[in-house]
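Descriptive analysis of the structure
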Amino acid sequence: MMNQGIVRLLVVGIFVVLGTAQAANRPNIVVILTDDHRYDAMGFLGHPFLKTPNFDRLAAEGVHFKNAYVTTSLCSPSRASILTGLYAHNHHVVDNYNPVSKSLTFFPELLQKAGYQTAFIGKWHMGDSEEKQRGFDHWISFKGQGVYVPDPKMLKAKGRFVPQAINSGYNINGKKVPQKGYITDELTDFAEEWLASKDDEKPFLLYVSHKGVHADFLPPDRHAFKYDKVDIPTPPTPTANPDMFQDPPMWVRNQSNSRHGVEFAYYTGVDMKKYYRRYCEALLAVDDSVGRLLGNLEKSGELENTVVLYLGDNGFIFGEHGLIDKRCAYDESVKVPMLIRYPKAIEGGTTVEKIVANIDVAPTLLEAAGLKGTGEMNGASFWPLAKGEKLADWRKYLLYEYYWERNYPQTPTTHAVIGEDYKYIRYHGVWDVDELYDLKSDPKERINLFNDSTQAARVTEMNRALFSLLKESGGEAMPLMPDRGNKYFHRKIKGTKGAPFPDNFYREAGTTGK
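Residues numbered from 1 in each chain as written. Predicted model: local features only at pLDDT ≥ 70, side-chain atom pairs only at ≥ 80, totals over all residues. Heavy atoms only, no water.

**Here we look at the overall build of the protein chain**
On a plain count of helices and strands, the protein chain comes out with 12 helices and 16 strands. In terms of overall dimensions, the protein chain is globule-like: its C-alpha atoms have a radius of gyration of 23 Å, near the 24 Å expected for 514 residues. Once the C-alpha set of the protein chain is aligned to its principal axes, its extents read approximately 80 × 55 × 45 Å. Counting every position in the protein chain, which comprises 514 residues, the buried fraction comes to 60%. Counted over contacts in the protein chain with a minimum sequence separation of 6, partners at least 24 positions apart contribute 72%. In the structure as shown, the protein chain presents an accessible area of about 21100 Å², 52% of it carried by carbon and sulfur atoms. (Helix = DSSP H or I, 4+ residues; strand = E, 2+ residues; numbered from the N terminus. Rg over C-alpha atoms; globule rule 2.2 N^0.38 Å. Buried < 20%, exposed > 50% of the residue type's maximum accessible area, 1.4 Å probe, protein only. Contact = heavy atoms within 4.5 Å. Areas by Shrake-Rupley, 256 points an atom, 1.4 Å probe, with all protein chains shown as cover.)

Here is the structure:
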């Protein structure tokens, strides 16, 4: 088998021969990536109180992908999938601690070789590195999660300890520069400065990768406490509202009393209603950033020749199922906002129902630029879907995967098959029940149909689809990476005890052993 590093060099080398003669006719590209932005936190979707005029503008002037998912709901793996077009089982970034392999090809490398000038501004977070990465001419980043402000006293809103939230300042093309203010605003400042200094004769890729709105959610003072008087309903949970759920897995009920559960949230017992208010307020700063960037491009006359893609790296659970954070395969965790604007080719105000994913971003943006993705990519270009074309052979199912982390042992290794109508979830390494949900009649995923005899054929079909997707993409072996970082395995003293096994796991003793 050819060495992966050699393959990467050959792939990038192919683009050298294309030259840059056509570069001037290619569109500019702006990617705006937000952290922990779940699919339903946008005003135009009818949110009860959140106002997001700039997200709304993108939707009105572009396409909203209603069923956009990530293939691993965790910061680093998802970000690696966006850049490479690969599943986590192929790029091997399966947690937030291990770095990305140097053998992988990032799509900005291919744009760069085709004559694009490229800039990365924001959160890298594959390992704790802030070092400049291949594929980018201009580089601004920080270690780990970064911090919202260099000194917590600068903000009215106060937070908690967050792993990997490191106040390292910025690495600007190899030079250390201290952070001075609110990070969402400063990253936007840096983006506007680069736009003003770039070469106007060449197309560009601007990749703005926000820290916001990663937990702990700290809004800037101009938005802090804006939603303090808004009433937030408490979502039902299998523990508090068992009559509203059918066959919830044992691990879900157990996670309620853990760092990633509502009962012992982050070891502090976070008030989830207040937490969600701060989240929405922090998100307003990202919406401000989107507005500033659109306004900047409009003022320079470049907006109409710029593909603008907005998406989240994963969702976030605020108490649904008794859980918090992400990682699991429920929609609040895996479904993300995705908006794309390019009026030269895309009709504004349209919605695409087909399932798209973070692994599709790289091939899509390359096609938008008139290029082709590598044959190694697992994703497919949704550029034709964005342009309104009907694709009869578009995917029926999307593969989801999450690999158990020793740091956060509450959530098991999870594989899922996501369709437009049903979702099948299979767990690995735990003694527990799997799941099947009718996404049309049960969008909150509370009625598990896995043991419903009328759904037996569907479970079998989707299980086969799962292993077919794994085989086709080379995912039959699970990556095992070195242990790094702290371990958060604790439960709350005097908290809820361990959940019982499902009723159908019990049987009478027999005499034959069958």
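**Focus: the confidence of the model for the protein chain**
On average, residues of the protein chain carry a pLDDT of 93, and 95% of them reach 70 or more. Confidence drops under pLDDT 50 across residues 14–21; counting only partners more than four residues distant or on other chains, this segment forms 10 contacts. (pLDDT = per-residue confidence, 0-100.)

**Comments concerning the sheet that holds strand S15 (residues 422–428)**
A sheet is described by the order of its strands in space; here four strands give the open sequence S13-S14-S15-S16, paired in antiparallel fashion. Each having just a single partner strand, strand S13 (398–402) and strand S16 (435–438) make up the two edges of the open sheet. Adjacent strand axes in the sheet meet at a mean angle of 15°, parallel and antiparallel pairs treated alike. By the bridge criterion, six bridges tie strand S14 (residues 413–418) to S15 in an arrangement that is antiparallel. Directly across from Ala416, in S15, lies its bridge partner Ile425. Against the sheet, helix H12 (residues 456–472) engages S13, S14, S15 and S16, with an angle of about 65° to S15. (Pairing = 2+ DSSP bridges. Axes fitted to C-alpha atoms, helices over the stretch in contact; angles between N-to-C directions.)

**Thoughts on the environment of Lys113**
Residue position: Lys113 is located in helix H5 (residues 107–113). The spacing of Lys113 and Gly135 is 22 residues in sequence and 8.7 Å in space, taken between C-alpha atoms.

**As for helix H3 (residues 75–84)**
Where burial is concerned, most of H3 is hidden: 10 out of the 10 residues are buried. Restricting attention to buried positions, one finds in H3 the residues Cys75, Ser76, Pro77, Ser78, Arg79, Ala80, Ser81, Ile82, Leu83 and Thr84. Just beyond H3, the residue with positive phi is Gly85, at close to 75°.

**Quick look at the side chain of Thr34**
Its location among the elements puts Thr34 in strand S1 (residues 28–34). Looking at Thr34, its side chain comes within polar contact range of the side chain of Tyr310, at 2.7 Å. Leaving out residues up to four positions away in the same chain, Thr34 has contacts with Arg79, His210, Gly212, Val213, Leu283, Val286, Tyr310, Leu311, Gly312 and Asp313. (Polar contact = N/O pair within 3.5 Å; in protein donor to acceptor, adjacent residues only side chain to side chain.)

**Quick word on the environment of Asp287**
Looking at the element boundaries, Asp287 is found in helix H8 (residues 272–300). Taking the relative accessible area as the measure of exposure, Asp287 reaches 2% and is therefore buried. Distance from Asp287 to Lys51, taken between C-alpha atoms, is 9.1 Å for residues 236 residues apart in sequence. With residues up to four places along the chain from it excluded, the contact list for Asp287 reads Thr52, Pro53, Asn54 and Phe55.

**Quick look at the pattern of salt bridges**
Note on pairing: side chains with opposite charge can pair once their charged atoms come close. Applying the stated criterion across every chain yields a total of 32 salt bridges. For Lys176, the salt bridge goes to Glu130, with nearest N and O atoms at 3.0 Å. On the criterion of sequence distance, the pair formed by Lys176 in strand S6 (residues 175–177) and Glu130 in the loop between strand S3 (117–123) and strand S4 (138–142) is long-range, its members being 46 residues apart. For Lys176, a relative accessible area of 45% translates into the label partly exposed. (Salt bridge = Lys/Arg side-chain N within 4 Å of Asp/Glu carboxyl O.)

**Regarding the sheet that holds strand S5 (residues 170–172)**
What the 10 strands build is an open sheet, ordered S6-S5-S4-S3-S7-S1-S8-S11-S2-S12; its pairing is mixed. Whereas interior strands pair on both sides, the edge strands pair on one side only; in this sheet they are S6 and strand S12 (350–357). Neighbour-to-neighbour, the strand axes of the sheet open up by a mean angle of 15°, direction not taken into account. Pairing geometry for S1 and strand S7 (residues 204–209), over five bridges, is parallel. Bridge pairing in S7 links Ile29 to Leu205. Where helix H2 (residues 53–61) meets the sheet, it contacts strand S2 (63–69), strand S8 (306–312), strand S11 (338–341) and S12, and its direction lies at approximately 60° from that of S11.

**Considerations on the side chain of His321**
Its location among the elements puts His321 in the loop between strand S9 (317–318) and strand S10 (324–325). A polar side-chain atom of His321 sits 3.4 Å from the main-chain carbonyl oxygen of Lys444.

**Observations concerning the packing of helix H6 (residues 183–197) against H8**
Packed helices, taken two at a time, are described by their axes: the angle between them and the distance between them. Remark: H6 packs on H8, axes separated minimally by 9 Å, with the N-to-C direction vectors making an angle of 10°. In terms of orientation, H6 and H8 fall into the roughly parallel class. For the pair H6 and H8, contact is made by Thr184, Asp185, Thr188, Asp189, Ala191, Glu192 and Leu195 and by Ala285, Val286, Ser289, Arg292, Leu293, Asn296 and Leu297, respectively. (Parallel < 35°, antiparallel > 145°, perpendicular 65-115°, else oblique.)

**Examining the packing of aromatic side chains**
Taken as a whole and judged by the stated rule, the model has 36 aromatic pairs. Between the aromatic rings of Tyr148 and Tyr182, the centroid separation amounts to 5.7 Å while the plane-to-plane angle is 20°, which identifies the pairing as stacked. In this pair, Tyr148 sits in the loop between S4 and S5 while Tyr182 sits in the loop between S6 and H6, placing the two residues 34 residues apart along the sequence. Classification of Tyr148 by relative accessible area gives buried; the value is 4%. Ring-pair connections join several aromatic residues into one group, and the members of that group are Phe49, Phe217, Tyr227, Tyr266, Tyr275, Tyr276, Tyr279, Phe316 and Phe318. A cation sits over an aromatic face here: Arg259 above Tyr267, 4.9 Å from the ring centre. (Phe/Tyr/Trp six-rings, centres within 6.5 Å; stacked < 30°, edge-to-face > 60°. Lys NZ or Arg CZ within 6 Å of the ring centre and 35° of its normal.)

**Quick notes on the packing of H2 against H8**
One can describe the packing of H2 onto H8 by two numbers: an axis separation of 7 Å at closest approach and a directional angle of 55°. With respect to H8, the element H2 is oriented oblique. For the pair formed by H2 and H8, the contact residues are Pro53, Asn54, Phe55, Arg57 and Leu58 on the first element and Leu283, Val286, Asp287, Asp288, Val290, Gly291, Leu294 and Glu298 on the second. Of the residues that constitute the contact of H2 with H8, the class distribution is seven nonpolar, two polar and four charged. (Nonpolar A, V, L, I, M, F, W, Y, C, P; charged D, E, K, R; others polar.)

**Topic: the nonpolar core**
In this structure, Leu206, Tyr275 and Tyr310 are the most contacted members of the largest nonpolar core, which totals 60 residues. With 14 residues, the single largest contributor to this core is H8. Residues in contact with Leu206, not counting those within four places in the same chain, are Ile29, Val30, Val31, Ala119, Ile121, Ala191, Trp194 and Leu195. (Core = buried A, V, L, I, M, F, W, Y, C linked by side-chain atoms within 4.5 Å.)

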